[in-house]
Amino acid sequence: MTRVFKSIKEWSEFRMSEELKNNSIGFVPTMGALHAGHVSLFTRSVTENDKTVVSIFVNPTQFNDPDDLKNYPRTFETDLAKLENAGVDYLIYPGYNELYNDNFNYEVNEKQLSTKFCGAHRPGHFTGVLTVVMKLLNIARAKRAYFGEKDYQQYNLIEGMADAFFMDTEIIACPIVREEDGLAMSSRNTLLSNGQHKLAPKFFEHLSSSESINEIKVNLEKDGFKVDYIEELNNRRLGAVYLGKVRLIDNVEL
């Protein structure tokens, strides 16, 4: 059974206990609404470490759209069941006032990559991401932390942050998990209507095609998407689109 820690102080005291003293710890930070992509991270951590800890925290500082935060799916009971089925040992489930006891007066900023791609279209997003991830990495004090490659820009920023601040936790990237139709697994997929869900796989289809960036943009618009960006980074093609009010991101290796 997964042991739940709602208090950071309680977790920190337990983290220092004899039970964990000589164990390797794997860590997966999440915002809940767990799906098969998350489960793949948990499974890898369970395989590679003595103990696995997961956090669930819907981080308000990374949402530039209040409606997006309000509509973000929250499914704690089903999430907990998935953690237990995956063999996760511990869950850190903090509240805002405890995790942000400074009221977000202190923040982590990156000056280059965070201003591009998703960062160019979501002001302040990566400041919120990097700040909360640094907090959670310091709280978990894990040997390894696992992040999905669907959020490829985010992964690169977190890995860069860990290197820049000489953090002890190794940042590990895990492959994208897709639905049978090619759509990248995402908590936001649950917000798509039936019609949007049928259309959504065309995003991956165009992104992984031999089309030029401009051709991809034009064809996605023709198919009913609103294109946020299509760009290339580190031999990958990255993109973000909207279907209605739902924002989807994906990337493919070139």
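Before any of the text, the structure's been laid out above.
What comes next concerns the included structure. It should be emphasised that the depicted structure is a prediction, and the values quoted were computed from it without experimental measurement. (Residues numbered from 1 in each chain as written. Predicted model: local features only at pLDDT ≥ 70, side-chain atom pairs only at ≥ 80, totals over all residues. Heavy atoms only, no water.)

1. Points about the pattern of salt bridges
Pairing between side chains of opposite charge can happen when the charged atoms of each approach one another. Counted by the stated rule, this structure contains 12 salt bridges. Where glutamate 48 meets arginine 44, a salt bridge forms, and the shortest distance between an N and an O atom there is 2.9 Å. You can see glutamate 48 and its partner arginine 44 sitting in helix 3 (residues 36–48), 4 residues apart, about one turn around the helix. Residue glutamate 48 is classed as partly exposed on the basis of its relative accessible area, which comes to 35%. Of the residues examined, arginine 44 reaches a relative accessible area of 31% and is grouped as partly exposed. Overlapping salt bridges, with partners in common, bring together Asp68, Arg122 and Arg188 in one network. (Salt bridge = Lys/Arg side-chain N within 4 Å of Asp/Glu carboxyl O. Helix = DSSP H or I, 4+ residues; strand = E, 2+ residues; numbered from the N terminus. Buried < 20%, exposed > 50% of the residue type's maximum accessible area, 1.4 Å probe, protein only.)

2. Comments concerning the sheet that holds strand 9 (residues 246–253)
Spatially, 3 strands are ordered 7-8-9 in an open sheet, and the strand pairing comes out antiparallel. Taken across any chain shown, the strands that pair with only one partner, and hence form the sheet edges, are strand 7 (226–233) and strand 9. Taking the axes of each pair of neighbouring strands and ignoring which way they run, one obtains an average angle of 15° across the sheet. By the bridge criterion, 7 bridges tie strand 7 to strand 8 (residues 236–243) in an arrangement that is antiparallel. When the bridges of strand 8 are listed, tyrosine 229 appears paired with alanine 240. In the packing of helix 12 (residues 213–223) onto the sheet, the strands contacted are strand 7 and strand 8, and the crossing angle to strand 7 comes to about 160°. (Pairing = 2+ DSSP bridges. Axes fitted to C-alpha atoms, helices over the stretch in contact; angles between N-to-C directions. Contact = heavy atoms within 4.5 Å.)

3. A look at unusual backbone geometry
Positive phi, close to 50°, is recorded for alanine 33, a residue that is not glycine. By the element assignment, alanine 33 lies in the loop between strand 2 (25–30) and helix 3. Unlike most non-glycine residues, arginine 141 shows phi in positive territory, near 50°. Examined against the element boundaries, arginine 141 turns out to sit in the loop between helix 8 (125–140) and strand 5 (144–148).

4. Concerning the packing of aromatic side chains
Per the stated rule, a full pass over the model turns up 14 aromatic pairs. Aromatic pair tryptophan 11 and phenylalanine 14: ring centres 6.0 Å apart, planes at 55°, arrangement tilted. Residue tryptophan 11 and its partner phenylalanine 14 are both found in helix 1 (residues 8–15); the two are separated by 3 residues, about one turn of the helix. Overall, tryptophan 11 belongs to the buried group, its relative accessible area being 0%. Taking relative accessible area as the criterion, phenylalanine 14 reaches 9% and is therefore assigned buried. Residues phenylalanine 76 and tyrosine 93 carry aromatic rings whose centres are separated by 4.5 Å and whose planes lie at 35° to one another, so their mutual orientation is tilted. Placement of the pair is phenylalanine 76 in helix 5 (residues 76–86) and tyrosine 93 in the loop between strand 4 (90–92) and helix 6 (96–99), with a sequence separation of 17 residues. (Phe/Tyr/Trp six-rings, centres within 6.5 Å; stacked < 30°, edge-to-face > 60°.)

5. Examining the environment of isoleucine 172
When you line up the elements, isoleucine 172 lands in strand 6 (residues 170–174). Classification of isoleucine 172 by relative accessible area gives buried; the value is 9%. Each C-alpha atom, one on isoleucine 172 and one on phenylalanine 204, is 24 Å from the other, the two residues being 32 residues apart in sequence.

6. Notes on helix 1
Listed in full, the buried residues belonging to helix 1 are Ile8, Trp11, Phe14 and Arg15. Angularly, the buried residues of helix 1 cover 125° about the axis, an arc narrow enough to put them on a single face. A side-chain oxygen of the first residue of helix 1 lies 3.3 Å from the backbone nitrogen of lysine 9; this N-cap is serine 7. (Arc of directions from axis to C-beta. Polar contact = N/O pair within 3.5 Å; in protein donor to acceptor, adjacent residues only side chain to side chain.)

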